[in-house]
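So the chains spell out like this:
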Amino acid sequence: MEQKRKVILDCDPGHDDAISIILGASKVSNLDIVGITTVAGNVEVEKNTLNALKVCDMIGLHDVPVAQGATKPLLKTREIAGEIHGETGLDGPELPEPSRAAIDQHGVDFMIEKLLHTKEKITLVPTGPLTNIAMAMIREPGIMANIEEIVLMGGGTFGNWTPAAEFNIWVDAEAAKVVFESGVPVTMFGLDVTHKALATKEVVERFSAIGNPVSNFVVELLDFFSKTYKDVFGFEAGPIHDACTTAYLIDPDIFDFKQVHVDIETKGEYTYGTTCVDLLGVTRKEPNVKFASELDQDKLWLLFDRALKSYSE
Ligand code: RIB
Ligand code: CA
């Protein structure tokens, strides 16, 4: 049996975060989810935590601890994306109250403790603002040696929150700067590639045909998420941004990458939160990011198919 890869999912569920958790926890996944930490992002961290616990119940993930993290960015005031994910942060599906609470350890402390006392390296998989990871690195630099890779959804060569900045990075660009300059290997799934992970009508019909409670839940999530993406951005389908991270960890061949240098803008009036992706190498700076540039549609949706069907077994 292939050795499972230890991961901590750091998220702000969020419809696409929820789908990323579902993919990562499926029977086709090679991931050992050490824990789920939550961060202020799409909505307030308390709501993101409640959503994470509800998703865990929905998919029978009862033995993975959920630890609530940062309530706001390192320096800025908090901003949320309620118009995309709704008042609860997971509007659309009706879910029962969670069967358990988050553990009483702060998400940052949880991350530090797991990283300091692990026999094998752990991969961090942030799909929200990078506040928790930056706080952990600042508080305990000793954790860096035990981080295998940081596989993140964020940034891009264009923005969705400002013309230049993507939401996760924009919420806490100072935290992103700490992470991108940490020297830890960063694999970045920015909007350039996540906007290709579109859950089209055909994809949603494919998921509907599976017909188990988890696939039906994903369809409900996508119904809501696609509607808000149409209303806000005029998209014909919702991009499952965050699930690109767990899809990559399960099957890296789905994606193509470029080794590039990325700087994070933390000063500009119009450019705050920009990931300055040096695609042409003009800065002559050492690459610090594995930048996802392309994805194979057939392989991606086949993985989703297999993963959702595995919840019937
Ligand atoms: O810009 C997309 C990102 O912002 C996704 O992670 C989504 O969940 C929101 O957090
Ligand atoms: Ca997210």
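What counts, and where the lines are drawn
Throughout, residues of each chain are indexed from 1 in the direction in which the sequence is written. Naming scheme: in the order in which they are written, chains are lettered from A and ligands are numbered from 1. This being a predicted model, a pLDDT of at least 70 is required before a residue's local features are given, and a value of 80 or more before pairs of side-chain atoms are given or counted; all residues contribute to the totals for chains, interfaces and linings. Excluded from the side-chain calculation are hydrogens and water; included are all heavy atoms of the structure. Geometry of aromatic contacts follows a simple scheme: Phe, Tyr and Trp rings, the Trp one being its six-membered ring, pair when their centres are within 6.5 Å, and the pair is stacked under 30 degrees between planes, edge-to-face over 60, tilted otherwise. By definition here, charges over rings are those cases where NZ of Lys or CZ of Arg is within 6 Å of the ring centre and within 35 degrees of the ring normal. Nonpolar side chains (Val, Leu, Ile, Met, Phe, Trp, Tyr) are joined into patches within 5 Å and like charges within 9 Å, using only residues with over 30% relative accessible area and no salt bridge. Reported accessibility uses the Shrake-Rupley method at a 1.4 Å probe radius. Residues are deemed covered only where the shown protein chains occlude them. Salt bridges, as used here, are contacts in which a Lys or Arg side-chain nitrogen is within 4 Å of a carboxyl oxygen on Asp or Glu. For helices the rule is a DSSP run of H or I covering at least 4 residues; for strands it is a run of E covering at least 2, with both sets numbered from the N terminus onward. Burial classification: accessible surface area is computed with a 1.4 Å probe over protein chains only, and a residue below 20% of its type maximum counts as buried, one above 50% as exposed, and the rest as partly exposed. Near residues are defined by distance, with any heavy atom within 4 Å of the molecule or strand qualifying the residue. The definition of a polar contact used here is a pair of N or O atoms within 3.5 Å, where within protein one atom must be able to donate a hydrogen and the other to accept one, and adjacent residues in sequence count solely through side-chain atom pairs. Polarity classes work like this: nonpolar for Ala, Val, Leu, Ile, Met, Phe, Trp, Tyr, Cys and Pro, charged for Asp, Glu, Lys and Arg, and polar for all others, with Gly in that last group. Strand pairing follows a simple DSSP-based rule, namely that at least 2 bridges must link the two strands. To obtain an axis, a line is fitted to C-alpha atoms, over the contacting stretch when the element is a helix, and the angle between two such axes runs from 0 to 180 degrees between their N-to-C directions. Should any heavy atoms of two residues lie within 4.5 Å, those residues are considered in contact. Think of the donor list as every N, O and S atom within 2.8 Å of the metal, or within 3.2 Å for Na, K and Ca; water never makes the list, so a site can look incomplete. Orientation categories follow fixed angle ranges, with anything under 35 degrees roughly parallel, anything over 145 roughly antiparallel, 65 to 115 roughly perpendicular, and all other angles oblique. In a left-handed crossing the near helix is turned counterclockwise from the far helix by less than a right angle, and in a right-handed crossing that turn is clockwise.

Draft legend 1. Structural view of the packing of aromatic side chains. Throughout the structure, instances matching the rule amount to 15 aromatic pairs. Linked through ring pairs, Trp 161, Phe 167, Trp 170 and Tyr 272 together constitute an aromatic cluster. Positioned above the aromatic ring of Phe 257 is the side chain of Lys 290, whose terminal nitrogen or guanidinium carbon lies 4.7 Å from the ring centre.

Draft legend 2. Examining a nonpolar patch on the surface more closely. A cluster of nonpolar side chains, Leu 279, Leu 280 and Val 282, forms an exposed patch at the surface whose accessible area comes to about 350 Å². Mapping Leu 279 onto the fold places it in the loop between strand 10 (275-278) and strand 11 (289-295). Judged by its relative accessible area of 41%, Leu 279 is partly exposed.

Draft legend 3. Structural detail: the site of ligand 1. Near ligand 1, the surroundings consist of 13 residues, among which Asp 16, Thr 127, Asn 160, Glu 166 and Asp 242 are the closest. Here Asn 160 contributes a side-chain N or O atom positioned 2.9 Å from an oxygen atom of ligand 1. Take Glu 166: an N or O atom from its side chain is 2.6 Å from an oxygen atom of ligand 1. The protein chains hide 96% of the 270 Å² of surface that ligand 1 would expose on its own. Breaking the shell around ligand 1 down by element, the ones donating at least two residues are helix 1 (15-24) and helix 6 (167-171). Grouping the amino acids of the shell around ligand 1 by side-chain chemistry returns 2 nonpolar, 6 polar and 5 charged.

Draft legend 4. Expanded view of the sheet that holds strand 1 (residues 5-11). Spatial strand order, 3-2-1-4-5-6-11-9-10: 9 strands in an open sheet with mixed pairing. Taken across any chain shown, the strands that pair with only one partner, and hence form the sheet edges, are strand 3 (66-68) and strand 10. Across the sheet, the axes of successive neighbouring strands diverge by a mean angle of 30°, strand direction being ignored. Taken together, the 4 bridges between strand 1 and strand 4 (residues 122-126) define a ladder with parallel strand orientation.

Draft legend 5. The environment of Lys 285, seen in detail. One can find Lys 285 in the loop between strand 10 and strand 11. On the basis of relative accessible area, Lys 285 is assigned to the partly exposed category, the value being 43%. Placed 25 residues apart in sequence, Lys 285 and Val 260 show a C-alpha to C-alpha distance of 8.7 Å. Excluding its chain neighbours within four sequence positions, the residues that come into contact with Lys 285 are His 261 and Asp 263. Side-chain polar atoms of Lys 285 contact the side chain of Asp 263, separated by 2.7 Å.

Draft legend 6. Main features of the coordination of the calcium ion (ligand 2). For the calcium ion (ligand 2), every protein donor is listed as Asp 12 (OD), Asp 17 (OD), Asp 17 (OD), Thr 127 (O) and Asp 242 (OD), and the spread of their distances is 2.2 to 2.6 Å. Written as a sequence motif, the donor arrangement for the calcium ion (ligand 2) is D-x4-D-x109-T-x114-D. Like Asp 12, the residue Asp 17 is buried in the burial classification.

Draft legend 7. Representation of helix 5 (residues 131-139) in the model. Taken together, the buried positions of helix 5 are occupied by Thr 131, Asn 132, Ile 133, Ala 134, Ala 136 and Met 137. Buried residues belonging to helix 5 abut strand 1, strand 2 (31-38), helix 4 (107-116), strand 4, strand 5 (147-153) and helix 7 (173-180).

Draft legend 8. The packing of helix 1 against helix 10 (residues 213-233), seen in detail. The interhelical angle for the contact between helix 1 and helix 10, taken along N-to-C directions, is 160°, at an axis separation of 10 Å. Looking at the two axes, helix 1 sits roughly antiparallel to helix 10. When you trace helix 1 past helix 10, the crossing you get is left-handed. On helix 10, the residues touching His 15, Asp 16, Ala 18, Ile 19 and Ile 22 of helix 1 are Val 214, Phe 217, Val 218, Leu 221, Leu 222, Phe 224 and Phe 225.

Draft legend 9. Spatial organisation of the pattern of salt bridges. If you walk through the whole model with that rule in mind, you get 13 salt bridges. The partner of Glu 87 in a salt bridge is Lys 47, with the nearest N and O atoms 2.7 Å apart. Taken together, the residues span a long stretch of sequence, with Glu 87 in the loop between helix 3 (82-85) and helix 4 and Lys 47 in helix 2 (residues 45-58) at a distance of 40 residues. With relative accessibility at 57%, the residue Glu 87 sits in the exposed group.

Draft legend 10. Quick look at the pairing of strand 6 (residues 186-189). Of the two faces of strand 6, the one lined by Val 186 and Met 188 and the one lined by Thr 187 and Phe 189 are each fully buried. As defined by bridge partners, strand 5 adjoins strand 6 across 4 bridges and the pair is classed as parallel. Counterpart to Met 153 in the pairing with strand 6 is Phe 189. As paired elements, strand 6 and strand 11 share 3 bridges and run parallel to each other. Counted as the bridge partner of Val 186 is Val 289 from strand 11.

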